[in-house]
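Spelled out, the chains give:
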Amino acid sequence: MDRVGVIGYGHMGSMLVKGFLASGVLAPGEVVVASRSRGNLDACAAAWPGIAIAATNADLARRCRTIVIAVRPQETMGVLREIVPVMDGSEHLVSLAAGIGLHDLEEMYAGPVSRVVPTATSAVGEGTTLVCHGQWVGTDEALMVENLFSAVGSVMPVGEEDLAAATLLSSCGPALLAAIIGELAGAAARASSLPPDRALVLATDLLTATAAYLRETGRTPEDLIGEVATRGGVTEVGVQGFRDRLPGVFDGVFAAMLERYGGLRK
Ligand SMILES: NC(=O)c1ccc[n+]([C@@H]2O[C@H](COP(=O)([O-])OP(=O)(O)OC[C@H]3O[C@@H](n4cnc5c(N)ncnc54)[C@H](OP(=O)(O)O)[C@@H]3O)[C@@H](O)[C@H]2O)c1
């Protein structure tokens, strides 16, 4: 395989390098990394003997056929300004930047461009990576990128018009669910003498068990509610409380996140 470059060795960049190498989809000699701080690059070189560290982003771009940009959205255009002048238009640019559209990316680089949205849970091979290919991406290039990212979970192609909402769900989602687990555990601890850490174990187990149940049985959330909520029992009070309050809370949260998403470029 031609070399794959990763620019930005932060949360996503380091997680992806680990996923690509640990899964065997890439060998260390097929990966080049560039990042801003020396400390991150030293940690990368120490963790992955044989990996190449580029002196600059442009140096990386000269050496790679696929270039994954894993810097923050606010830093993405600056990185593009550094690398595009040394690219010949055949390299496949893969942007992780939330909120930066294909149009903006293709205006900067007149070659194959894809937007890819992994998730923090990709670190354990779970969760969905969203992919959205630009107009100049050929079938082989699309398959190559989808195969690469399938090393860290499942891959779902999504139209760009739906990418924002899908990102909030699948990629911001782990943080949203983590916040909900924390609240559930906190409520149980406040209403009892259960230590918070034990309540958190129960809440975390609840989440994985519920996901496994829905996935393995194919039942819908509504089916499961019907199975759990004994008529006249306690669950129906809780479910009704959520139904009364949560749609407004969730719609408000999504609207606020979409507003931030739309302004991330700045
Ligand atoms: N976190 C998520 O769950 C997630 C999920 C999907 C998509 N994304 C997207 O992935 C991207 C990265 O997010 P993140 O959470 O990984 O951010 P992060 O932890 O802040 O990592 C960004 C990295 O970019 C490096 N960097 C900044 N400017 C650079 C430059 N000019 N040249 C080279 N490297 C540079 C920084 O390097 P140093 O630390 O070395 O200074 C930093 O480590 C964002 O665009 C985000 O929207 C994130």
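Computed from a prediction, not measured in an experiment: that's the story for all the values here.

**Q** Which residues make up the environment of Val-32, and what values do they have?
**A** By the element assignment, Val-32 lies in strand S2 (residues 31-34). Along the primary structure Val-32 and Leu-184 are separated by 152 residues, whereas in three dimensions their C-alpha atoms are 43 Å apart. Excluding residues within four positions of it along the chain, Val-32 makes contact with Arg-3, Val-4, Gly-5, Val-6, Ala-52, Ala-54, Leu-60, Arg-63 and Cys-64.

**Q** Just give me the short version of the UniProt feature "domain: Pyrroline-5-carboxylate reductase catalytic N-terminal" (unreviewed entry) in the protein, but keep the residues and values in it.
**A** Here the UniProt-annotated "domain: Pyrroline-5-carboxylate reductase catalytic N-terminal" (unreviewed entry) positions come out as residues 3-99. From the first C-alpha to the last, residues 3-99 spans 27 Å; its make-up is 42% helix and 19% strand.

**Q** Talk me through the site of the ligand; I want residue IDs and the actual numbers.
**A** In the region of the ligand, 24 residues are neighbours, and His-11, Met-12, Ser-37, Asn-40 and Val-71 sit closest. With respect to the ligand, the side chain of Ser-35 contributes an N or O atom lying 3.0 Å from an oxygen atom. Contact with the protein chains removes 80% of the 890 Å² of surface that the ligand exposes when unbound. Looking at the shell around the ligand, the elements with two or more residues in it are helix H1 (11-23) and helix H4 (73-83). In terms of residue count, H4 provides more of the shell around the ligand than any other element does, three residues in total. Residue composition of the shell around the ligand, by class: 13 nonpolar, eight polar and three charged.

**Q** Account for the state of the cysteines, with residues named and values stated.
**A** Scanning the entire structure with this criterion turns up zero disulfides. Considering cysteine sulfurs only, Cys-64 is the nearest to Cys-44, which forms no disulfide, with 12 Å between them. Counting only cysteine sulfurs, Cys-132 is the nearest neighbor of Cys-172, a cysteine outside any disulfide, at a range of 16 Å.

**Q** If you had to explain helix H8 (residues 173-190) to someone new, which residues and values would you point to?
**A** Because the α-helix completes a turn every 3.6 residues, residues three or four places apart line up on one side. Between its terminal C-alpha atoms H8 stretches 25 Å, which fits the 26 Å expected from 18 residues at 1.5 Å a residue. Listing the buried residues of H8 in full gives Gly-173, Ile-181, Ala-185, Gly-186 and Ala-189.

**Q** Report on the pairing of strand S5 (residues 92-95), specifying residues and quantitative values.
**A** The alternating pattern of S5 places His-92 and Val-94 on one face and Leu-93 and Ser-95 on the opposite face, and all of these are buried. Where strand S4 (residues 66-69) lies against S5, four bridges are found, and the strand directions are parallel. Bridging across to S5, Ile-67 finds its partner in Leu-93. Regarding the hand of the β-α-β motif, the stretch spanning S4, H4 and S5 is right-handed. Judged from the three bridges that link them, S5 and strand S6 (residues 113-117) form a sheet pairing that is parallel. Bridge pairing in S6 links Leu-93 to Val-113. With helix H5 (residues 102-108) bridging S5 and its parallel neighbour S6, the resulting β-α-β unit is right-handed.

Conventions used here
- Residues numbered from 1 in each chain as written.
- Predicted model: local features only at pLDDT ≥ 70, side-chain atom pairs only at ≥ 80, totals over all residues.
- Heavy atoms only, no water.
- Helix = DSSP H or I, 4+ residues; strand = E, 2+ residues; numbered from the N terminus.
- Contact = heavy atoms within 4.5 Å.
- UniProt positions renumbered as here; feature names shortened; annotations may be inferred.
- Near = heavy atom within 4 Å.
- Polar contact = N/O pair within 3.5 Å; in protein donor to acceptor, adjacent residues only side chain to side chain.
- Areas by Shrake-Rupley, 256 points an atom, 1.4 Å probe, with all protein chains shown as cover.
- Nonpolar A, V, L, I, M, F, W, Y, C, P; charged D, E, K, R; others polar.
- Disulfide = S-S within 2.5 Å.
- Expected span 1.5 Å × (residues − 1).
- Buried < 20%, exposed > 50% of the residue type's maximum accessible area, 1.4 Å probe, protein only.
- Pairing = 2+ DSSP bridges.
- Right-handed = clockwise from strand over helix to strand, strands pointing away.

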